[in-house]
Each structure stands twice: as structure tokens, then as C-alpha cells.
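Examination of the molecular architecture
Each chain, letter by letter, is given below.
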Amino acid sequence: MSINITMPALSPTMEEGKLAKWHVKEGDSVSSGDVIAEIETDKATMEVEAVDEGKIGKILVAEGTDNVKVNAVIAVLLQEGEDASAIGSGGAKPAEASKAEAKTEAPKGDAGTLQYDKGTSTTSTAPVGNSNSGSSAPKAATPAPAKSEGGRVFASPLAKRLAKEAGIDLASVAGSGPKGRVIKADVEAAKSGKGSAKPAAGAPAAAAAPATGMSKNQVMALYEEGTYEVVPNDGMRKVVAARLTESKQTVPHFYLTLDCKIDALMAAREQINTAAPKSKDGKPGYKLSVNDFVMKAWAIALQRVPAANATWAGDSILYHKRSDVAVAVSVPGGLFTPVVKSCDTKTLREISEEVKDLAGRAKSKKLAPHEYQGGSSSVSNLGMFGIKHFSAVINPPHGTILAVGAGEERVYPENGQIKIGQFMTVTLSCDHRAVDGALGAELLGVFKGLIENPVMMLA
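The present account deals with the structure reproduced in this document. (Residues numbered from 1 in each chain as written. Predicted model: local features only at pLDDT ≥ 70, side-chain atom pairs only at ≥ 80, totals over all residues. Heavy atoms only, no water.)

Some remarks on the packing of aromatic side chains
Within this structure, the stated rule accounts for three aromatic pairs. Considering the side-chain rings of W298 and F447, the 5.7 Å spacing of their centres and the 75 degrees angle between planes classify their relative orientation as edge-to-face. Taken together, the positions of W298 in helix α6 (residues 290-304) and F447 in helix α9 (residues 437-452) put the pair 149 residues apart, joining distant regions of the chain. Their ring planes at 65 degrees and their centres at 5.9 Å tell us that F336 and Y372 sit as a pair that is edge-to-face. A residue pair is termed long-range when its members are at least 10 positions apart, and F336 in strand β16 (residues 334-336) and Y372 in helix α8 (residues 369-372) qualify at 36 residues. Both residues of the pair, F336 and Y372, count as buried. (Phe/Tyr/Trp six-rings, centres within 6.5 Å; stacked < 30°, edge-to-face > 60°. Helix = DSSP H or I, 4+ residues; strand = E, 2+ residues; numbered from the N terminus. Buried < 20%, exposed > 50% of the residue type's maximum accessible area, 1.4 Å probe, protein only.)

Focus: the pattern of salt bridges
Two side chains that carry opposite charge are able to pair once their charged atoms sit near each other. Going through the model one piece at a time under the given rule, you end up with 14 salt bridges. A salt bridge links K184 to E188; the nearest nitrogen and oxygen atoms lie 3.9 Å apart. Here E188 and K184 lie together in helix α2 (residues 184-192), a separation of four residues that amounts to about one turn. The class of K184 is partly exposed, set by a relative accessible area of 29%. Assessed through its relative accessible area of 39%, E188 is described here as partly exposed. The partner of E354 in a salt bridge is K346, and the shortest N-O contact between them spans 2.6 Å. Salt bridges linked by common partners bring D259, K388, E408 and R410 together as one network. (Salt bridge = Lys/Arg side-chain N within 4 Å of Asp/Glu carboxyl O.)

Considering unusual backbone geometry
The phi torsion of most residues other than glycine is negative, and most of the peptide bonds are trans. A cis amide bond, omega 5 degrees, links P396 with the succeeding residue P397. Positive phi, normally seen in glycine, also occurs at N71, with a value near 80 degrees. As for its position among the elements, N71 is in the loop between β7 (65-69) and β8 (73-78). Since its relative accessible area comes to 13%, N71 is described here as buried. Unusually for a residue other than glycine, N415 sits at a positive phi of about 50 degrees. Mapped onto the elements, N415 comes out in the loop between β19 (400-414) and β20 (417-431). Overall, the relative accessible area of 76% leaves N415 in the exposed class.

Written out as C-alpha cells, the structure reads:
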């Protein structure tokens, strides 16, 4: 029985991706574990492996194709004795449901595993580090509303919010996401009349659509033709725009700012870096940055004020036991926020080496999903660009983000005398649903004490 190979979900939030490259061609024989394609998402390019053996009968999606939906059939695998002539334009003919079987196999290393659709059943294996992986629910020829046996509708958080704002009953929306989950595209289709949807009970007759800003044509009409270049947004930029817009529209931000005196930190950094062993060519074995101290101090502060190590989860608040701190990394076309796990337990050198490794691989899109998902808080440091003060946007579902400005010499009064010292301005953005004002102030105060007296990080 021929097998449909479908677009895999490389993370819990993935809805579509780019089929960047095929490593096989029609007629090639493959075995379980062979790398057969590369899938590119907004965050990474990952290799995908075969989980069955056979011959590539037909490739339905050409390499380089963007916006391929999760679970879409991208190729067909023929088993022994089968002929490619029996394959239709949409893939292999489904078998009887009673004969369907599913197979789930964990990927090796950072490679993902393609989904295989044998008849009416699919199997999906997510990348290493994704705890939400598992085998898919059966697919039907016509998508049905995604309900569990108890009647609950499976939908992404964004889809739920958009449906509520538009007065759409999710129970009547056909889900096209993994396991029949209702996703953003399904709700938008229902709003436009292209999908099946009915008004939710008690919803206003004409709910206002969420503000999306000016359209492309409206913006272009303001400028003289030929005075600009149009560059389409890639997947990363689209996701960054969507997530930050969602954050500012749905997360009640408030901001706390204070100055930290960093003379002791700068002295300690110089002493540690001076003591670093040198290689034969005189290159130091390590070089700590101010940001390494910031990461360490922030992680310890989250441990000492555990009520602030929190994320909002709808009807609950998650209080995290570990200080998993994300660090904002600028890359061409957007940014990544790789996570340093258990950051408070690591030495400054370990933090320095891990951040450099994560940042380097982020810029080449070589991070695995588990390396940039999760965490309860972030650090964004623009001080290296000379920025004195800024307020950062929270990266959902994080409860906080610390914005770090440049260190600079300032004049300050002390006991009636005028002195000069090095100061750094930091601003904490808090999600008021999870971290209240006084709690945020306490957290920032603990951080200030640690950063001004770095020896206390060892206590």
C-alpha cells in the first residue's frame, strides 16, 4: 500500500513551512532514517528523515515552495511491487479505516521526521525537545470541527482569541491544523465566508474585526511610484510581526526603570578576564561580557523572588522552578530568543560560552525548537549599540523581559560630594496579569543588589 508523506509539524505552533530542499528524487529507494528533505520554518531549517522504506513514487511539492500547510501531502512512497502509475494528483488513494495503522518514531539528533499517511491514519514525530509530540488523529476526506469526545474544541490560543473577537462559534469551524486543530487560517476563512461558521451564542450580531493597520495598497498609495522598493516579508518577519502585535494587544504591559552602579561589576570583569589563560598565539581562553553578569544576576533574582518567575496561562499562572532565561539575538530579518536553561546554576564562563554558541547558531538558523521555546523571562541588551534606555516588548508567554542599556560614566552626589561613577539603566517590562507592580519592583531591586555587588552572586 502506497504511503502519503505529509508536511510535518516541527513545533507545537507550526502551521506552515517551506519545503527548502529535496535530498531524493522520484524513483530513489529510501530506508528508515535516511534524510530525504529539509523543511524551513520561521525559526530554523531542519533535516527530516524517513520512517519507512520504499521508493519515492511521486514528489507533489517542489523544493523552494513556501507556505506549505502542515499535513499537506508532499510526496508518495511506494512499497514493494507498487507502480507509480496508480498515484493520483493528490497522493495515494486512502485505504479502509479498518486497515489503517500508525507508526511513531523518535527522530535522531536535531532532525525531524516526516509524517506518513497510510490510508486514513497519519503519524507525526516532533523534533527532540518537544514534549507535545505524539501520533496524529485520523484524517477525514472533509475536515470536521475539531472536537474531543467530551465536546471540547481543539484550537490554538490565537484562533480562540480571533474567533471570540469575531463572534464565531469554534465548534462549527473545520480545523486544518495538526490533529484537526482549529488554527488562525481557519478562523479567517470563516470570517470571510469561505469557511463554515455560525455566530456564537450570545455574541453581538456584528463583532468588530481586530485592528490590523493599513493595507499594503493603502500604504503604497501614500508614496510616489518608483521612490521605494517592495520587499516581501519572509516567514520570520511575518511571525515576529504577528507575535509582537499580539503581545502589545493582549498583554497588559507595565514598566519599571532604575539605574545600577556597575563600578564593582566592571572591576570584577576586568580581573576575571585578565586571569584567563592564554593560548600560544596570545588569545585568551575566555572573555566575559557585561551581559554574562546580567544573565547570571537576573536568573538568581528570579530564584530569590519565585512569585515573579511566572507566566500567564489563561485560567492559571505557572510558577517555574527553574530560571530558564531567554536572550534576544538579532539576526538578518528578525530575531531569535534562545533559552539558557537553569541559568542560575551555571558559572559566568558557562553562560558566556552557551550564549555565544546559541547566538552563532541562531544567525545560521541551526537551532532546534527546544532551544528557543520555553523560558519564563528574557533579557534584551541594546547597550552594546550605545542605547541608554528602552522598553522591550514581552515575548509571550513570558511574564517579564529586562531591557538593558549602555554602561556610561555619570556624575552623582554622595554624602554631599560630587563623584563620578559608571551606571547602567535597566527597564523591566511586566505582564500585569502574572506579575504585579510591587512584585516587579521587588524583583528588580534584588537584581540591582546583585549587579552592584557581583560577589553576592556567589552567596
